[in-house]
Amino acid sequence: MRILWAILCQSSVVDKQTNNLSLFNVIEEIQIVGPSGGSVQKDARLDLIAPRVFDLVIMFARSDFESPEKGKGKVRMKGPEPFSKEGLPQEFEVDLIEHPRSRMIVKIPGIPIAGKGTHQFLVDCSSVGQDWESLFELPILVTVHLPDTISPSL
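Residues numbered from 1 in each chain as written. Predicted model: local features only at pLDDT ≥ 70, side-chain atom pairs only at ≥ 80, totals over all residues. Heavy atoms only, no water.

Undergrad: Can you tell me about the overall build of the protein, naming the residues and giving the values?
TA: The helix and strand inventory of the protein stands at 0 helices and 11 strands. The linear arrangement of helices and strands in the protein, starting from the amino end, is β-β-β-β-β-β-β-β-β-β-β. A buried classification covers 36% of the 154 residues belonging to the protein. Expressed as a percentage of contacts within the protein between residues at least 6 apart in sequence, the contacts between residues at least 24 apart total 68%. Summed over its atoms, the accessible surface of the protein is roughly 9,400 Å², and 50% of this surface lies on carbon and sulfur atoms. (Helix = DSSP H or I, 4+ residues; strand = E, 2+ residues; numbered from the N terminus. Buried < 20%, exposed > 50% of the residue type's maximum accessible area, 1.4 Å probe, protein only. Contact = heavy atoms within 4.5 Å. Areas by Shrake-Rupley, 256 points an atom, 1.4 Å probe, with all protein chains shown as cover.)

Undergrad: Lay out the environment of lysine 74 with the relevant residues and their values.
TA: Within the secondary structure, lysine 74 sits in strand β6 (residues 69-78). For lysine 74, a relative accessible area of 16% corresponds to the buried category. Placed 60 residues apart in sequence, lysine 74 and serine 134 show a C-alpha to C-alpha distance of 9.1 Å. Apart from the residues within four sequence positions on either side, lysine 74 is in contact with Gln90, Glu91, Phe92, Leu122, Val123, Asp124 and Trp132.

Undergrad: Please provide a residue-by-residue account of the layout of surface pockets, values included.
TA: The computed volume of the largest pocket comes to approximately 220 Å³. What lines the largest pocket is simply Val14, Asn19, Met59, His99, Pro100, Arg101, Ser102, Arg103 and Ile105. Per-element accounting of the lining of the largest pocket gives the leading share, 4 residues, to strand β8 (residues 101-108). (1 Å grid on protein atoms, 1.4 Å probe; cavity = no way out; pocket = protein on both sides within 12 Å on 5 of 7 lines; lining within 4 Å. Points joined across faces, edges and corners; volume = space filled by probe spheres on them.)

Undergrad: Break down the pattern of salt bridges for me, citing the residues and quoting the values.
TA: In total, this model carries 2 salt bridges according to the counting rule given. The salt bridge partner of aspartate 55 is lysine 107, with a shortest N-O separation of 2.9 Å. Linking aspartate 55 in strand β5 (residues 54-61) with lysine 107 in strand β8, this pair joins segments that are 52 residues apart in sequence. A salt bridge links aspartate 124 to arginine 76, with the nearest nitrogen and oxygen atoms 2.7 Å apart. In this pair, aspartate 124 sits in strand β10 (residues 117-127) while arginine 76 sits in strand β6, placing the two residues 48 residues apart along the sequence. For the pair formed by aspartate 124 and arginine 76, the shared burial category is buried. (Salt bridge = Lys/Arg side-chain N within 4 Å of Asp/Glu carboxyl O.)

Undergrad: Could you give an account of unusual backbone geometry, with specific residues and numbers?
TA: Not every positive phi belongs to a glycine, and asparagine 19 is a case in point at roughly 65°. Position of asparagine 19 among the secondary structure elements: in the loop between β1 (2-14) and β2 (21-26). We classify asparagine 19 as partly exposed; its relative accessible area is 48%. The backbone of asparagine 25 sits at a positive phi, close to 55°, despite the residue not being glycine. Along the chain, asparagine 25 turns up in strand β2.

The structure is reproduced here in structure tokens:
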């Protein structure tokens, strides 16, 4: 089993007639507004939760398109150093018996933000009878801005 791609977005919709996927508000970076009049140190631990539901959309494929596979997937999240504590483990079934590719939409009820820097979504897979293998890392940059340093949106 392999992963062709993974994308974090605010929401996704699958058209029932065509099976086409639409992704809305793809997330590449999360901006946190820091305390007013204060400062946020580079190594400051934040311990926040980005308070919205996100979709992590993953496209799985058979290792060999001609050989059906079945297994499990797992999504974890790891914060940047020195906040490398892992969290958010979610497991799910991946069935590639009938079709050579399959999309999985993992609903994430809030992203734990440990501090400034690059957070990683880690996707692990395990085919039947095999150990877990890390197959994909999706980096999400977290920046912290003070209220008076945010530029207005156009």
